[in-house]
Amino acid sequence: PVRLRADLGPMVPVWTPDGSGIVCQTSDKTLHLISADGKRDRALGKFDTAAVAFSPDGKLLYGIEVSPQHVYLEAMEATGGAVRRVGELGSEYAPNSSFNPGYRFTLTPDGKHLSYSTGRFSESLYMMQHFSLQTTGWAWVREMLHIPQP
């Protein structure tokens, strides 16, 4: 393997549509376009997103910005520059995944639809009633807790 870049952020790197390079993000949220041979590295600008996707023609990079109250679809020219807001998605549609790196963001070939994962995670406390550690199925628990056999 050849190391192309250090100091990466959490974004999953993505190939350009024509395969000429890879877009990645550094820990300071700057997107970089690295040539496929690894010889050129060009900063495209800051983009506060955990995933990007190219438009079908390869001219735009899309990403999702998440703030505490809002989730925005944003775009940047693939050659670099300022990020512009395309629209609001709604806070209930914040991208999320139990995997790290977090998620992948894709557009359909016609550029009219996007997909990404969302997740609603919760934690609960349960009480199990009417069971006995003496039951054969719980032998491993007795052993782990050093409870003597009956």
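Residues numbered from 1 in each chain as written. Predicted model: local features only at pLDDT ≥ 70, side-chain atom pairs only at ≥ 80, totals over all residues. Heavy atoms only, no water.

One open sheet accounts for 4 strands, arranged β1-β2-β3-β4; its pairing is antiparallel. On the outer flanks of this sheet lie β1 (14–15) and β4 (41–46), each paired with one strand and no other. As paired strands, strand β2 (residues 21–25) and strand β3 (residues 30–35) are joined by 5 bridges and run antiparallel to one another. If you follow Q25 over to β3, its bridge partner there is L31. (Pairing = 2+ DSSP bridges. Helix = DSSP H or I, 4+ residues; strand = E, 2+ residues; numbered from the N terminus.)

Across 4 bridges, the pairing between strand β7 (residues 71–77) and strand β8 (residues 84–88) is antiparallel. The residue of β8 that forms the bridge with Y72 is E88.

Structurally, T26 can be placed in the loop between β2 and β3. Not counting residues within four places of it along the chain, the set of residues in contact with T26 comprises R5, D7, L8, G9 and H32. (Contact = heavy atoms within 4.5 Å.)

Before going further, it helps to spend a moment on the packing of aromatic side chains. For the structure on display, the rule yields 0 aromatic pairs. Stacked on the ring of Y72, the Lys or Arg R85 has its end atom at 3.5 Å from the ring centre. (Phe/Tyr/Trp six-rings, centres within 6.5 Å; stacked < 30°, edge-to-face > 60°. Lys NZ or Arg CZ within 6 Å of the ring centre and 35° of its normal.)

With that out of the way, let us pick up the confidence of the model for the protein. Looking at the protein as a whole, the pLDDT averages 81, with 75% of positions reaching at least 70. Ranking the helices and strands of the protein by mean pLDDT puts β4 first, with 96, and helix α1 (residues 139–144) last, with 63. (pLDDT = per-residue confidence, 0-100.)

Core analysis: the biggest nonpolar cluster contains 12 residues, these being M11, V14, V23, L31, L33, L44, F47, V52, F54, L61, M76 and A78. Mapped by element, the contributors of at least two residues to this core are β3 and β5 (52–54). Other than its neighbours up to four places away in sequence, V52 contacts M11, V14, V23, L31, F47, L61, Y62 and F105. In terms of nonpolar packing, the next biggest core, distinct from the first, is built from 10 residues, A53, Y62, I64 and Y116 among them. (Core = buried A, V, L, I, M, F, W, Y, C linked by side-chain atoms within 4.5 Å. Buried < 20%, exposed > 50% of the residue type's maximum accessible area, 1.4 Å probe, protein only.)

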